[in-house]
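# Summary of structural features
Next come the chains, spelled out residue by residue.
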Amino acid sequence: VQLQASGGGLVQPGGSLRLSCAASGSIFSINVMGWFRQAPGKEREFVAGVSRSGGSTNYADSIKGRFTISRDSAKNTVYLQMNSLKPEDAAVYYCAARPNTVIADLASEWAYKYWGQGTQVTVSS
């Protein structure tokens, strides 16, 4: 499974960005997809996750109400709509996917086997 993330960039505080992550390869073998982020000097942290159907989602407390994860199964793509961005949201954002043989909470980083290359999000005036 290969994951290609895109959509990062520079945005002012209060602005919006939409990240995309396209999956290819053995996509039949994955179910949950998610987004993680890592800021300089900090550990990677969970941002949001979505089930295969898109019917189940989970969000980190720090972004609830501002970010929305969605999934287009027909396009094998997961999105992260980020609104009301804050300087503390600046980080490299990674998309990830989990094999369908793993049963775990959507936020469990250890369960994600496939990772994209990351896309930089900078929030600054």
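Heads up: the structure comes first, above all this text.
Since this is a predicted model, take the numbers as computed values, not measurements.

### Quick notes on unusual backbone geometry
Although it is not a glycine, N76 adopts a positive phi angle of roughly 55°. Its location among the elements puts N76 in the loop between β7 (67–72) and β8 (77–82). Within the chain, S84 stands out as a residue other than glycine whose phi angle is a positive 50°. Within the fold, S84 resides in the loop between β8 and β9 (91–99). Accessibility expressed as a relative area gives 40% for S84, which makes it partly exposed.

### Looking at the packing of aromatic side chains
Remark: the centre distance and the inter-plane angle together describe each pair of aromatic rings, the angle taken between the planes. Counted under the stated rule, the structure contains four aromatic pairs. Judged by centre distance (5.0 Å) and plane angle (80°), the rings of F36 and Y112 are edge-to-face. In this pair, F36 is assigned in strand β4 (residues 30–38) and Y112 in the loop between β9 and β10 (114–115), connecting sequence segments 76 residues apart. Exposure class is identical for F36 and Y112. Each is buried.

### Focus: the pattern of salt bridges
Taken as a whole and assessed by the stated rule, the structure comprises five salt bridges. Here R37 and E45 are joined by a salt bridge, their closest N and O atoms 2.6 Å apart. K64 is paired through a salt bridge with D61; the nearest N and O atoms lie 3.2 Å apart. Salt bridges linked by common partners bring R37, E45, R66 and D89 together as one network.

### Let's talk about the state of the cysteines
Tallied over the full model, the rule gives one disulfide. The side chain of C21 participates in a disulfide bridge whose partner is C95; the two sulfur atoms lie 2.1 Å from each other. As the torsion about the S-S bond is roughly 55°, the C21-C95 disulfide counts as right-handed. You can see C21 sitting in strand β3 (residues 17–24) and its partner C95 sitting in strand β9, a full 74 residues away along the chain. For C21, a relative accessible area of 0% corresponds to the buried category. For C95, a relative accessible area of 0% corresponds to the buried category.

Definitions and limits used
- Residues numbered from 1 in each chain as written.
- Predicted model: local features only at pLDDT ≥ 70, side-chain atom pairs only at ≥ 80, totals over all residues.
- Heavy atoms only, no water.
- Helix = DSSP H or I, 4+ residues; strand = E, 2+ residues; numbered from the N terminus.
- Buried < 20%, exposed > 50% of the residue type's maximum accessible area, 1.4 Å probe, protein only.
- Phe/Tyr/Trp six-rings, centres within 6.5 Å; stacked < 30°, edge-to-face > 60°.
- Salt bridge = Lys/Arg side-chain N within 4 Å of Asp/Glu carboxyl O.
- Disulfide = S-S within 2.5 Å.

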